[in-house]
Amino acid sequence: MNELILYQDEQAKKSHKELFSLSDNCYLTAGENIIEALLKLSTRNISRLHISAGWETILKIAVWTPERPSGGEVLGLMKKSGLSDNELLPFLNSDIGDLFPRLYYGNRFDVLRRVCNAAKAKAEAKIGSKRLLVYCHLVSHEARKIVASSL
């Protein structure tokens, strides 16, 4: 079974290694453009792909954009992930980065897991291999650990 871990940065790699016993040669840095990195992997013979990344990078995958997602895209994703209109109201004019601390410290791990699942589903659909399983792991750089996952 060919398994690969695409990671955002050294903290994401370290956080993943703390939970999974995979060899160093399984790890590949995503570089600056996570979408491009994922599309390049579509030609490789892998059966499992782990993505270990921070909030904004997971959002980029979930809405499938190489650029920073817009507030509207993220709010739509949050609504699909279980937040009500009232819960989203304070974030209508906020930076997308402001949502993560609110969800993390508010113990809304259900929403964070749904965001990981949305990124997983989007990556699997866009890469286009029926036999490829994708796992998304959301890393909190402040907590220095994986805080949500699609597993």
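Provided above is the structure to which this section pertains.
Computed from a prediction, not measured in an experiment: that's the story for all the values here.

### Focus on the pattern of salt bridges
- Under the definition given, this model contains 9 salt bridges.
- With a closest N to O distance of 2.1 Å, K17 and D24 form a salt bridge.
- We classify K17 as partly exposed; its relative accessible area is 33%.
- Look at D24 and you get exposed, because its relative accessible area is 51%.
- Here D85 and K79 are joined by a salt bridge, their closest N and O atoms 2.6 Å apart.

### What to know about the packing of aromatic side chains
- If you walk through the whole model with that rule in mind, you get 5 aromatic pairs.
- With 5.7 Å between their ring centres and 15° between their planes, F100 and Y104 make a pair best called stacked. Here F100 and its partner Y104 are both found in helix α6 (residues 99-105), 4 residues apart, which amounts to about one turn of the helix. Y104 carries the same exposure label as F100, and that label is buried.
- Relative to F109, the ring of Y104 has its centre 5.8 Å away and its plane inclined at 90°; by these criteria the two rings are edge-to-face.
- When its relative accessible area of 13% is taken as the criterion, Y104 is described as buried.
- Using a relative accessible area of 24% as the deciding quantity, one classes F109 as partly exposed.

### A short note on the environment of M78
- When you line up the elements, M78 lands in helix α4 (residues 71-80).
- Judged by relative accessible area, which is 0%, M78 ranks as buried.
- Sequence separation of M78 and L112 is 34 residues, and the distance between their C-alpha atoms is 9.1 Å.
- Excluding residues within four positions of it along the chain, M78 makes contact with W55, L59, L83, L88, L99, L103, V111 and V115.

### Considerations on helix α7 (residues 109-127)
- Between its first and last C-alpha, α7 extends 27 Å over 19 residues, near the 27 Å set by a 1.5 Å rise per residue.
- Inspection of α7 places V111, L112, V115, C116, A119, K120, A123 and I127 among the buried residues, and these make up the whole buried set.
- Two residues or fewer after α7 comes G128, characterised by a positive phi angle close to 85°.

### What about helix α3 (residues 55-63)?
- Summarising burial for α3: 8 of the 9 residues are buried, a large majority.
- Buried within α3 we find W55, T57, I58, L59, K60, I61, A62 and V63.
- Packing partners of the buried residues in α3 comprise α2 (34-41), β3 (48-53), α4, α6, α7 and β4 (133-140).
- Trailing α3 by a residue or two, W64 shows a phi angle of about 55°, which is positive.

### Here we look at unusual backbone geometry
- One non-glycine residue, W64, adopts positive backbone phi at about 55°.
- Along the polypeptide, W64 turns up in the loop between α3 and α4.
- A relative accessible area of 17% means that W64 is categorised as buried.
- Notably, N107 is not glycine yet its phi reads approximately 55°, a positive angle.
- We classify N107 as exposed; its relative accessible area is 56%.

### Some details on the sheet that holds strand β2 (residues 27-29)
- Taken in spatial order, the 5 strands make up an open sheet running β2-β1-β3-β4-β5, and their pairing is mixed. Two strands bound the open sheet, and with one partner strand each, they are β2 and β5 (145-149). Pairwise comparison of adjacent strand axes, ignoring direction, gives a mean angle of 30° for this sheet.
- In terms of strand pairing, strand β1 (residues 3-7) meets β2 through 3 bridges, oriented parallel. In the strand pairing of β2, I5 is matched with Y27.

Basis of the calculations
- Residue positions are given per chain, counting from 1 as you read along its sequence in written order.
- Given that the model is predicted, a residue must reach a pLDDT of at least 70 before its local features are reported, and side-chain atom pairs must reach 80 or more before they are shown or counted; all residues, however, enter totals for whole chains, interfaces and linings.
- Excluding hydrogens and water, the side-chain values take into account all heavy atoms of the structure.
- For salt bridges, the criterion is a side-chain nitrogen of Lys or Arg within 4 Å of an Asp or Glu carboxyl oxygen.
- Only protein chains enter the accessibility calculation, which uses a 1.4 Å probe; a residue whose area is less than 20% of its type maximum is buried, one above 50% is exposed, and one in between is partly exposed.
- Only rings of Phe, Tyr and Trp enter the pairing, Trp through its six-membered ring, and a pair is recorded when the two centres are within 6.5 Å. The plane angle decides the type: under 30 degrees is stacked, over 60 is edge-to-face, the rest tilted.
- Strands here mean DSSP runs of E at least two residues long; helices mean DSSP runs of H or I at least four residues long; both are numbered from the N terminus.
- Residues count as neighbours in contact if any of their non-hydrogen atoms are within 4.5 Å of one another.
- Multiply 1.5 Å by the residue count of a helix minus one, and that product is the helix's expected span.
- For two strands to count as paired, DSSP must find a minimum of two bridges between them.
- The convention used is that axes are lines fitted to C-alpha atoms, helices contributing only their stretch in contact, and that angles between N-to-C directions extend from 0 to 180 degrees.

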